[in-house]
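# Reading the structure
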Amino acid sequence: MNIYGDRGNIITLLQRCRWRGFGVRVTPVSIGDGLDPGEHDFYFIGGGQDREQILVCDDLSREKGDALREAIEEGAALLSICGGYQLLGNHFLTYTGEDLPGIGLFDVRTVGGDTRFIGNVAVASELAGVDGVLVGFENHSGRTQLGSGCRPLGRVIKGYGNNGEDGWEGCVYRNAVGTYLHGSLLPKNPRLADWFILRALRRRHELAGLAPLDDSLEEEAHRAALDLIMREKRWRRRLRRS
Ligand code: GLN
């Protein structure tokens, strides 16, 4: 699935690897395709509306789901956005009553609500190795509750996040992250992009860290997204405090 430019996350990871001289192979995986848990070091699933989720959830919850869980247990990294994040949880009950099975990678459950959470988001990262504020855009009706088997990605400064109530955004299990942040997310959050690259590389290589890149354009994009939020007066104080 891919919505609101989620594919930009793949382009970002590819480019940041190439700039550092790493070769990368991208394999699109569609409905009915097999998935070998030992073959890839990083997995991505973007967002989609309920309609698209209904189309992919059966296929995902069978062998693909088993393979994904196995890959993550073996150290692979994964990013899932919004509709993808929901389907990697235990269960998603849509607002219109469809009961969609998840693959149970993340200990979360999602229930569709009668209003949509839409807008720019700022999140104080809780991810070890990624400091500061993550920025993105959300548009979802699903409300996600975290179980005890995963940690949140961060604390919402502006926006709704997982459910608009408990202040948490996203979830983390091992090297797998689920989040509501579209945007695309990684082009303007380069430290998070590098977190995934390093985790993916460490699956097969011993590596202390990554060579730094000139991130001035990426930092400018991050600042521009924050500026948009800062223009909304009531968020200014909360952002300054975090
Ligand atoms: N169908 C989901 C919801 O509205 C996901 C939407 C999305 O991926 N943007 O909650």
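The structure this text deals with has already been given above.
Overview of the structure.

Parameters and conventions
In every chain, residue numbers begin from 1 and rise along the written sequence. In view of the model being predicted, local features appear only for residues whose pLDDT reaches at least 70, and side-chain atom pairs are presented and counted only at 80 or more, with totals across whole chains, interfaces and linings using the full set of residues. Excluded from the side-chain calculations are hydrogens and water; all other atoms, namely the structure's heavy atoms, are used. In this description a helix means any DSSP run of H or I spanning at least four residues, a strand means any run of E spanning at least two, and both kinds are numbered starting from the N terminus. By the criterion applied in these results, polar contacts are pairs of N or O atoms within 3.5 Å in which, for protein atoms, one can donate a hydrogen and the other can accept it, and in which residues neighboring in sequence qualify only through two side-chain atoms. Working definition: residue near molecule or strand if any one of its non-hydrogen atoms lies within 4 Å of it. Definitions used for this entry: grid spacing 1 Å over protein atoms alone; cavity, a set of points where a 1.4 Å probe fits but cannot get out; pocket, an open set with protein on both sides within 12 Å along at least 5 of 7 lines; lining residue, one with an atom within 4 Å of a point. Think of it this way: a molecule belongs to a cavity or pocket when more than half its atoms come within 2 Å of the grid points there. Three categories are distinguished: nonpolar for Ala, Val, Leu, Ile, Met, Phe, Trp, Tyr, Cys and Pro, charged for Asp, Glu, Lys and Arg, and polar for the others, with Gly belonging to the last. Grid points are joined across faces, edges and corners, and a volume is the space filled by probe spheres set on the points.

### Focus: the environment of Lys-158
Here Lys-158 lies in strand 7 (residues 154–158). In the structure, Lys-158 is positioned 77 residues away from Ile-81 in sequence and 18 Å away in space, judged by C-alpha atoms. A distance of 2.9 Å separates the side chain of Lys-158 from the backbone oxygen of Asn-120, its partner in a polar contact.

### Description of the site of the ligand
In the vicinity of the ligand there are 15 residues, among which Asp-50, Gln-53, Cys-82, Ser-141 and Gly-142 approach most closely. Judged by the proximity of its atoms to the pocket grid, the ligand belongs to the largest cavity. Counting only elements with at least two residues in the shell around the ligand, the list comes to helix 2 (50–73), helix 3 (83–87) and strand 6 (133–146). Broken down by element, the shell around the ligand gets its largest block of residues, four residues, from strand 6. Among the residues forming the shell around the ligand, the class breakdown is two nonpolar, 11 polar and two charged.

### Quick look at empty space enclosed by the protein
Empty pockets left among the atoms are what a rolling probe the size of a water molecule brings to light. Here the structure, examined in full by the defined rule, presents two cavities of 30 Å³ or more. In this model, the largest cavity occupies a volume close to 60 Å³. Gln-49, Asp-50, Gln-86, Arg-116 and His-140 are the residues nearest the centre of the largest cavity, which is lined by 13 residues in total. Per-element tally for the lining of the largest cavity: the top contributor is strand 6, with four residues. Split by residue class, the lining of the largest cavity holds two nonpolar, nine polar and two charged. If you go around the second largest cavity, the residues you meet are Val-130, Asp-131, Val-133, Leu-134, Asn-189, Pro-190, Arg-191, Leu-192 and His-222.

Function cannot be read off these values alone, since they describe shape.
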